[in-house]
Amino acid sequence: MGLGLLASRALRSTRAFSPLNPRNVRTIVSTPELQKPEAAAAVAQPEADLPKRTPVAGARVHLPNPEDAIEVFVDGYPVKIPKGMTVLQACELAGVDIPRFCYHNRLSIAGNCRMCLVEVEKSPKPVASCAMPALPGMKIKTDTPLAKKAREGVMEFLLMNHPLDCPICDQGGECDLQDQSMAFGSDRGRFTEMKRSVVDKNLGPLVKTVMTRCIQCTRCVRFATEVAGVQDLGMLGRGSGEEIGTYVEKLMTSELSGNVIDICPVGALTSKPFAFKARNWELKGTETIDVTDAVGSNIRIDSRGPEVMRILPRLNEDINEEWISDKTRFCYDGLKRQRLNDPMIRGADGRFKAVSWRDALAVVAEAMHQVKPEEIVGVAGKLSDAESMMSLKDFLNRMGSNNVWCEGNGVHTNADLRSSYLLNSSISGLENADVFLLVGTQPRVEAAMVNARIQKAVRATHAKVGYVGPASEFNYDHQHLGTGPETLKEIAEGRHPFCSALKNAKNPAIIVGAGIFERNDKDAVFSVVEAIAKQGNVIRPDWNGFNVLLLNAAQAASLDLGLVPESDNSIESAKVVYLMGADDVNLETLPNDAFVVYQGHHGDRGVYRANVILPAAAFSEKEGTYENTEGCAQQTLPAVPTVGDARDDWKIIRALSEVAGARLPYDTLGAIRSRMRIVAPNLLHMDEREPATFSASLKPECNEKMSTSPFGTAVENFYMTDAITRASKIMAQCSALLSKQ
Amino acid sequence: MSFTLRSVKVPPNSVSLEEARSRTFEFFRSACRSIPTIMEIYNLYDIVNPSQLRSAIASQFRKNAHITNPKVIDMLLFKGMEELNNITEHAKQRHHIIGQYVVGNQGLVQDSGSKDQGSSEFLKNFYSGNYF
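Residues numbered from 1 in each chain as written. Chains lettered and ligands numbered in written order. Predicted model: local features only at pLDDT ≥ 70, side-chain atom pairs only at ≥ 80, totals over all residues. Heavy atoms only, no water.

Digging into the overall build of chain A
Then step 1. What chain A contains, in helices and strands, is 22 helices and 29 strands.
Then step 2. Relative to the compact-globule value of 27 Å for 741 residues, chain A shows a C-alpha radius of gyration of 29 Å, a close match.
Then step 3. Seen through its C-alpha atoms, chain A measures out along the principal axes to roughly 95 × 65 × 55 Å.
Then step 4. Here chain A, with 741 residues, has 58% of them falling under the buried criterion.
Then step 5. Taking contacts inside chain A between residues at least 6 apart in sequence as the whole, the part at least 24 apart equals 70%. (Helix = DSSP H or I, 4+ residues; strand = E, 2+ residues; numbered from the N terminus. Rg over C-alpha atoms; globule rule 2.2 N^0.38 Å. Buried < 20%, exposed > 50% of the residue type's maximum accessible area, 1.4 Å probe, protein only. Contact = heavy atoms within 4.5 Å.)

What follows is the structure in structure tokens.
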């Protein structure tokens, strides 16, 4: 709710009615009518021609049952709503934005701030609209002197103990309290006593608290319990001694803790890394996509000049709702550290020397021509976009090699059936599941937003969760069934007690972690999981509960584009290795005389072994397509310029191909996308989930045996998984303070 | 700024293309006449000779040879006169003159061009920067 919206409403009604009916002049100041609201309200309002109203923020309502719809009147304007909606929601549908502090549409209703008071005909007192169910024929008045006086009174009470430190408050400019006190507050204060002060709490390295500013709306408490699933925050004390806190000194250990910054309507909870760095009106917002995990959360990068200042979530109901994980939100300081900004060649003394692009590309092309084609190997990194992976594969194919893959996919990965590597239920579809079987995956650290969906399902419908894998932390009730493949076998053969739960479930969901891709017996594991899926009737025409949860942003697109290596031991026999941002690929078996090219944006693990460095752009600096784990292609947009002499990834490969004499036929992003359309047309359907067409039942039978070694953990440290997050100071602090507990 | 403005008189607009054309030649001649002074005050004897400067000035004129709108020509003439005034009043420094009229736009680092011969437009753009 922006000030602009509220203020323009106030202005509009003033302009529209004041010449006709001077009594209705809407002002912010106290007026004589406001002192005696009853008398003013008693005068009957003339029925005017009501202009057509549009719902607030394009809100729409779906009436599944037309008989269940009821009609209410908001300021005389009739609106049809389904049964069970609150007065506040009815007002929103009627196009009236009710001021509120404690109400948040994704959290339970508290009704304690009293800012949303409206007048309802035949009710003796104004009612709190967020907590009051709308009844048929209710006549709601949002603009009467009584309602205005109520809001003014509430504002006065809220500001009684709220410090007037807006000039030094980080929320200044995007503060609900500031906006609403301008729109609804009184123009003068009557307060002469001392304001109360509250001791600040230490919630960890991410959230800064100034508890004196807190207005006790309890949104953060409800968020922590309901969405994050941790019981860390609570309310202490009563009356004016009321405080939000953790009771004992304790850090907030949720991986979603950064979201309390967004939902706090005042400046009590703000971002610690962003403190005193910038004001929101001097930032440029760029709507883009997160790449630190395979979820592809929708984010907005706020930048000032060439610097990324902060990252905020963007609403996307199908993927991240309006939350993002702490890694997504706070990894941005890694974009400023350890950056590669010049092409470099390692000299005879082992030191890197900055050279021109012309020389660097000539050296790489020369090295590639000196070896046999099949000794050239290309590895795409975790953060690669689809365009650059397409050009890397095309380039190596033109050079005569087909040993190109994306790290994290393992060898012999099945890239033929999309259903065998996608989250087929879709992220939002997981809410409908009533039994979950997690195989070798810890969604809390692998994909925090997917975990939030599972948590939501567990909380809403008491869905059962069974987990097979090493001991791990969950923020919802779960059964730890076992640690290794033998438990899977028991379930598949029907000898395990969890089988009955799986069989009786209406919508069972099996989630397999992508960490299994790295196992040698992964085909056997997958065939056992498919047997379980067959037994539990997991794949039906109306419900596909067989899911693979990927780890990295590049994985889904790389498999769609067919980045699968030709031979198993390509690294052992490689002479030239082209690492496109690949830092986690195991190079220990690489021969010592091999020539390694590292193209990437961070001086991370891949650089240690590199002979030539080609600096590339990070996700915040380029336009690139990423496909998330459920198969939805999305696009990043450049928010800031590239660092130093760096270039976009696909441009480097296109230039190198020309220098190496195997010129790729595309010069623009549009041309490279039309090439992608031939290979994987789904990557061009932006913001659309493209479900897999064929199910995994078409797969050939597997005769391998599962090994007995237990499943491992795919992500050791939630906060540091890729080059950007490993370079981030904030992420280092988080992993030092939060991971050990 | 004020002393520059005092000396630059805004002439009335050219009525026709012919008038604008004659004014242009007039201005070119006055620019050429001031070359000896410029050589003197910026001490350019050891790096350039008058004929090179003259061709540098002429190339500035030729850059706009395609313009036929008298109003635009008047505006360009005005800008040129302002520039000439700034130079003759010693409002610039020696390196400005060298940078703009002696070395030229291509800068001090001059590619021999032989390396990039036969390479595509894309590769040439790639070597010069990321945004094209």
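And the narrative resumes.
Describing the overall build of chain B
Then step 1. Within chain B, the secondary structure is distributed over seven helices and zero strands.
Then step 2. Counting the 132 residues in chain B, one finds 28% classified as buried.
Then step 3. The long-range share in chain B, meaning contacts at least 24 apart out of those at least 6 apart in sequence, stands at 64%.
Then step 4. Accessible area of chain B: about 8,900 Å², with a carbon and sulfur share of 56%. (Areas by Shrake-Rupley, 256 points an atom, 1.4 Å probe, with all protein chains shown as cover.)

Remarks on the pattern of salt bridges
Residue and element names in this part refer to chain A.
Then step 1. Counted by the stated rule, this structure contains 50 salt bridges over all chains.
Then step 2. When the shortest N-O distance is used, the salt bridge between E375 and K575 registers 3.5 Å. Here the residue E375 occupies a position in the loop between α10 (357-369) and β15 (376-380), and K575 occupies one in the loop between α17 (555-560) and β24 (576-580), the gap between them amounting to 200 residues.
Then step 3. Taking the relative accessible area as the measure of exposure, E375 reaches 14% and is therefore buried.
Then step 4. The exposure class assigned to K575 is partly exposed, which follows from its relative accessible area of 27%.
Then step 5. The partner of K651 in a salt bridge is D648, and the shortest N-O contact between them spans 3.6 Å.
Then step 6. Where salt bridges share partners, they join R106, E317, E321, E322, E431, R453 and K456 into one cluster. (Salt bridge = Lys/Arg side-chain N within 4 Å of Asp/Glu carboxyl O.)

Focus: the domain arrangement of chain A
Residues and elements named next belong to chain A.
Then step 1. What the domain assignment lists for chain A is domain 1 (27-158), domain 2 (161-276), domain 3 (344-400 + 555-680) and domain 4 (418-554 + 692-715).
Then step 2. At the junction of the two partners, domain 1 supplies 21 residues and domain 2 supplies 24 residues.
Then step 3. At the surface where domain 1 touches domain 2, the tally comes to one salt bridge.
Then step 4. Our count for the domain 1 to domain 2 interface comes out at eight residue pairs in polar contact (both at pLDDT 80 or more).
Then step 5. Here the residues of the side of domain 1 that touches domain 2 are counted per class, giving 13 nonpolar, four polar and four charged. (Domains from an automatic or database assignment. Polar contact = N/O pair within 3.5 Å; in protein donor to acceptor, adjacent residues only side chain to side chain. Nonpolar A, V, L, I, M, F, W, Y, C, P; charged D, E, K, R; others polar.)

Things to note about the environment of A:E407
Residue and element names in this part refer to chain A.
Then step 1. Positionally, E407 belongs in the loop between β16 (404-406) and β17 (435-439).
Then step 2. By relative accessible area, which is 5% here, E407 ends up buried.
Then step 3. Considered as a pair, E407 and A554 are 147 residues apart in the sequence and their alpha carbons are 8.8 Å apart.
Then step 4. Sequence-distant contacts of E407, defined by excluding residues within four places in its chain, comprise V379, A380, G381, K382, N552, Q555, G581, A582, D583, D584 and V585.
Then step 5. Of the polar contacts made by the side chain of E407, one reaches the backbone nitrogen of K382; its length is 3.0 Å.

Examining the nonpolar core
All names here are of chain A.
Then step 1. Core analysis: the largest hydrophobic core is formed by 121 residues, its most contacted members being V72, I81, I140, F223, F436, L438 and I454.
Then step 2. When residues in this core are grouped by element, the largest group, seven residues, is from helix α13 (residues 448-461).
Then step 3. In this structure, I345, V355, I652 and L664 belong to the second largest nonpolar core, which totals 51 residues. (Core = buried A, V, L, I, M, F, W, Y, C linked by side-chain atoms within 4.5 Å.)

Considering the side chain of A:R329
All names here are of chain A.
Then step 1. By secondary structure assignment, the location of R329 is in helix α9 (residues 326-330).
Then step 2. Taking the relative accessible area as the measure of exposure, R329 reaches 3% and is therefore buried.
Then step 3. Of the polar contacts made by the side chain of R329, one reaches the side chain of N259; its length is 2.7 Å.
Then step 4. Once residues within four sequence positions are removed from consideration, R329 is found in contact with G258, N259, D262, I311, L312, P313 and I324.

Brief notes about the sheet that holds strand β23 (residues 546-549) of chain A
Residues and elements named next belong to chain A.
Then step 1. Across the sheet, five strands lie side by side as β19-β18-β17-β20-β23; this open sheet has parallel pairing. A strand with exactly one partner marks an edge of an open sheet, and here the two such strands are β19 (479-482) and β23. Mean inter-strand twist for the sheet, computed between neighbouring axes without regard to direction, equals 25°. (Pairing = 2+ DSSP bridges. Axes fitted to C-alpha atoms, helices over the stretch in contact; angles between N-to-C directions.)

A word on the interface of chain B and chain A
Then step 1. Contact residues are listed per partner, giving 14 residues for chain B and 19 residues for chain A.
Then step 2. Summed over both partners, the interface of chain B with chain A comes to about 1,400 Å²; 56% of that surface belongs to carbon and sulfur atoms.
Then step 3. Sorting the residues of chain B by area buried against chain A places B:F122, B:F126 and B:N130 first, and these three jointly supply 47% of that buried surface.
Then step 4. Across the chain B-chain A interface, the total number found is zero salt bridges.
Then step 5. Counting across the interface, chain B meets chain A through seven residue pairs in polar contact (both at pLDDT 80 or more).
Then step 6. Here the side of chain B that touches chain A is built from residues that sort into six nonpolar, five polar and three charged. (Buried area = accessible area lost by both parts, 1.4 Å probe.)

Re the UniProt feature "domain: 4Fe-4S His(Cys)3-ligated-type" (unreviewed entry) in chain A
Then step 1. Within this structure's numbering, the places UniProt gives as "domain: 4Fe-4S His(Cys)3-ligated-type" (unreviewed entry) are residues 146-185 of chain A.
Then step 2. Overall, residues 146-185 of chain A shows 60% helix and 0% strand. The separation of its end C-alpha atoms is 14 Å. (UniProt positions renumbered as here; feature names shortened; annotations may be inferred.)

Concerning the UniProt feature "domain: 4Fe-4S Mo/W bis-MGD-type" (unreviewed entry) in chain A
Then step 1. The positions that UniProt labels "domain: 4Fe-4S Mo/W bis-MGD-type" (unreviewed entry) are, in the present scheme, residues 283-339 of chain A.
Then step 2. The span residues 283-339 of chain A is 9% helix and 35% strand, and its two end C-alpha atoms sit 23 Å from each other.

Concerning the pairing of strand β20 (residues 508-513) of chain A
On a regular strand, each side chain points to the face opposite its neighbour's, so the side chains alternate between the two faces of the sheet.
Residue and element names in this part refer to chain A.
Then step 1. Among the six residues of β20, six are classified as buried, and the element is accordingly described as predominantly covered.
Then step 2. Examined bridge by bridge, β17 and β20 share five bridges and lie parallel to one another. Bridged to L437 within β20 is I510.

Concerning the side chain of A:T328
Residue and element names in this part refer to chain A.
Then step 1. Structurally, T328 can be placed in helix α9.
Then step 2. Engagement of the side chain of T328 in a polar contact is seen with the side chain of D290, the distance being 3.1 Å.
Then step 3. Setting aside chain neighbours within four positions, we find T328 in contact with D290, T292, I299 and I311.

Points about the packing of aromatic side chains
Then step 1. This structure, assessed with the given rule, holds twelve aromatic pairs over all chains.
Then step 2. Summarising the aromatic geometry, the rings of A:Y467 and A:F474 are spaced 4.8 Å apart at their centres and angled 65° between planes, so their arrangement reads as edge-to-face.
Then step 3. On the basis of relative accessibility, which here comes to 0%, the residue A:Y467 falls in the buried class.
Then step 4. By relative accessible area, which is 13% here, A:F474 ends up buried.
Then step 5. Above the plane of the ring of B:Y127 lies A:R358, whose end atom (NZ or CZ) is 4.5 Å from the centre.
Then step 6. Between the NZ or CZ atom of A:K651 and the centre of the ring of B:F132, over which it lies, the distance is 4.6 Å. (Phe/Tyr/Trp six-rings, centres within 6.5 Å; stacked < 30°, edge-to-face > 60°. Lys NZ or Arg CZ within 6 Å of the ring centre and 35° of its normal.)

Here we look at the confidence of the model for chain A
In low-pLDDT segments, the atomic positions of the prediction should not be examined closely.
Then step 1. On average, chain A scores 89 in pLDDT, and the residues at 70 or more come to 92%.
Then step 2. Counted against residues more than four places away or in other chains, residues 25-48 of chain A, with its pLDDT under 50, gives 36 contacts. (pLDDT = per-residue confidence, 0-100.)

Let's talk about helix α11 (residues 386-399) of chain A
Residue and element names in this part refer to chain A.
Then step 1. Between its first and last C-alpha, α11 extends 20 Å over 14 residues, near the 20 Å set by a 1.5 Å rise per residue.
Then step 2. With twelve of 14 residues buried, α11 is to be regarded as a mostly interior element.
Then step 3. Among the residues of α11, A386, E387, S388, M389, M390, S391, L392, K393, D394, F395, L396 and M399 are the ones counted as buried.
Then step 4. Remark: G400 follows α11 within two positions and exhibits a positive phi of approximately 100°. (Expected span 1.5 Å × (residues − 1).)

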